[in-house]
Amino acid sequence: MTDRLTIALIYGSGRQGRFADTIAGWLEPELAGFGPYDVIRIDPAELTFTPGGLDEASAERVESLILQADAFLIVTPEYNHAYPAALKAIIDCCFRPWHAKPIAFVSYGGVSGGLRAVEQLRLVFAELHAVAIRDTVSLAHAWTQFDPAGNPFRPGQLNGQLAMLMKRLTWWANALKAARIATRYDEVAA
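Just so we're clear, the structure is a prediction, and the values are computed from it rather than from any experiment.

## Description of the nonpolar core
Side chains of nonpolar character tend, in soluble globular proteins, to be buried together.
In step 1: Within the largest apolar cluster, 30 residues are counted, with the highest numbers of intra-cluster contacts made by I10, W98 and F125.
In step 2: Every element with two or more residues in this core is listed here: β1 (5–11), β2 (37–42), α2 (56–68), β5 (71–77), α3 (85–92), β6 (102–109) and α4 (115–127).
In step 3: If one sorts the elements of this core by residue count, α4 sits on top with five residues.
In step 4: Setting aside its immediate chain neighbours within four residues, I10 contacts I42, F72, L73, I74, V75, L87, I90 and W98.
In step 5: Counting residues in each nonpolar core, the second largest holds 28 residues, with L9, A24, L139 and L169 among its members.

What follows is the structure, given as C-alpha cells:
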C-alpha cells in the first residue's frame, strides 16, 4: 500500500512554557523526509478542559482527528514518573477510533528520558486495541540537547533514532490500514 498516510502528532503536555513545542518544532519538518504523510496536530493547549476531562466541543474535535489518523506520534514528557493528565484526557475522549492503529512515542524528561511515561502509555493503548510500536525516541535531559533556536546539538544521532521509529510506524500504519479496509476491526470478534 502506497497511499499517503495521515499521522496525528499529539502533544502530551498543555503546560505553559512546555518543552514539547521545541521537540515538535524539530520533529514535524523531519517527518517529510520519511514518507508521504499528512500531519494533523492534536495540541492540549488548543483544547478546553473541564474537571472531568475535555469539554464536549474539544472532545468531538479530538475524536474526529483521531478517526482521520492512520497512525499517531505522541510527544510526551514524564511528569512525576507518569504521563500528563492532559494526554490522558485526550486518550480517554473516545474508544473505537483508536482501534487497530499504531502509536509511536517521542518522550522526554530528566534522567529517564520519559520512558516511565511511555511504559504506562503502552498499557493504556493496549486496552484501546491500538498497537504501540517498540521503537522510541527518548530524550534524557532534553533541554540540554537543543540550542535556543530549537535545533538539536547532535541532529545525526536524533535523526537516526527517528528514522528507525518512522520506518516501523509507517510499516505498521500501512499494514493496519490495509487490514482495516479489508475487514472492520469490530467485525473480527463479532
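## Comments concerning the pairing of strand β7 (residues 131–140)
In step 1: As defined by bridge partners, β6 adjoins β7 across seven bridges and the pair is classed as parallel. Of the residues in β7, the one forming a bridge with Y108 is L139.
In step 2: The handedness of the β6 to β7 crossover, carried by α4, is right-handed.

## Quick notes on the sheet that holds β2
In step 1: The five strands lie next to each other as β2-β1-β5-β6-β7, forming an open sheet whose pairing is parallel. The two strands at the open ends of the sheet, each matched to only one other strand, are β2 and β7. The sheet shows a mean angle of 20° between the axes of neighbouring strands, taken without regard to direction.
In step 2: With six bridges connecting them, β5 and β6 associate as parallel partners. The partner of L73 across the bridge, within β6, is A104.
In step 3: Helix α1 (residues 20–31) rests against β1, β2, β5, β6 and β7 of the sheet, and its axis sits at about 170° to β1.

## Things to note about the pattern of salt bridges
In step 1: Per the stated rule, a full pass over the model turns up 14 salt bridges.
In step 2: Across the salt bridge formed by D43 and R18, the nearest N and O atoms sit 2.7 Å from each other. With D43 in the loop between β2 and β3 (49–50) and R18 in the loop between β1 and α1, the pair connects residues that are 25 residues apart, well separated along the chain. Each member of the pair D43 and R18 is classed as buried.
In step 3: Residues K88 and D92 are paired through a salt bridge, measuring 3.2 Å at the closest nitrogen-oxygen approach. Separated by four residues within a single helix, K88 and D92 lie in helix α3, roughly one turn from each other.
In step 4: Connected via shared salt-bridge partners are R96, R184, D186 and E187.

## Re helix α5 (residues 155–182)
An α-helix turns once every 3.6 residues. As a result, residues three or four positions apart point the same way.
In step 1: When the terminal C-alpha atoms of α5 are compared, their 39 Å separation across 28 residues agrees well with the 40 Å that a helix rising 1.5 Å per residue should span.
In step 2: L158, L162, A163, L165, M166, L169, T170, A173, N174, L176 and K177 are the residues of α5 that are buried.
In step 3: Along its buried surface, α5 packs onto β1, α1, β2, β5, β6 and β7.

## Here's the deal with the packing of α1 against α5
In a packed pair of helices, the relevant descriptors are the angle between the two axes and the axis-to-axis distance.
In step 1: Two elements in contact, α1 and α5, have axes separated by 12 Å at closest approach and are oriented at 60°. Our classification of the angle between α1 and α5 gives oblique. The handedness of the crossing between α1 and α5 is right-handed. Along its contact with α1, which presents W26, L27, E30 and L31, the element α5 presents L158, N159, L162 and M166.
In step 2: Within the contact of α1 with α5, the residues separate by chemical class into six nonpolar, one polar and one charged.

## A closer look at the packing of α3 against α4
In step 1: Viewed as axis vectors pointing N to C, α3 and α4 meet at an angle of 15°, and their least axial separation amounts to 12 Å. The angle between α3 and α4 places the two elements in the roughly parallel class. Like other packed secondary-structure pairs, α3 and α4 cross with a definite hand, here right-handed. Residue-level contacts link L87, K88 and I91 of α3 to L121, V124 and F125 of α4.
In step 2: For the contact of α3 with α4, the per-class residue count stands at five nonpolar, no polar and one charged.

Cut-offs applied
Residues numbered from 1 in each chain as written. Predicted model: local features only at pLDDT ≥ 70, side-chain atom pairs only at ≥ 80, totals over all residues. Heavy atoms only, no water. Core = buried A, V, L, I, M, F, W, Y, C linked by side-chain atoms within 4.5 Å. Buried < 20%, exposed > 50% of the residue type's maximum accessible area, 1.4 Å probe, protein only. Helix = DSSP H or I, 4+ residues; strand = E, 2+ residues; numbered from the N terminus. Contact = heavy atoms within 4.5 Å. Pairing = 2+ DSSP bridges. Right-handed = clockwise from strand over helix to strand, strands pointing away. Axes fitted to C-alpha atoms, helices over the stretch in contact; angles between N-to-C directions. Salt bridge = Lys/Arg side-chain N within 4 Å of Asp/Glu carboxyl O. Expected span 1.5 Å × (residues − 1). Parallel < 35°, antiparallel > 145°, perpendicular 65-115°, else oblique. Left-handed = near helix turned anticlockwise from the far one by under 90°. Nonpolar A, V, L, I, M, F, W, Y, C, P; charged D, E, K, R; others polar.

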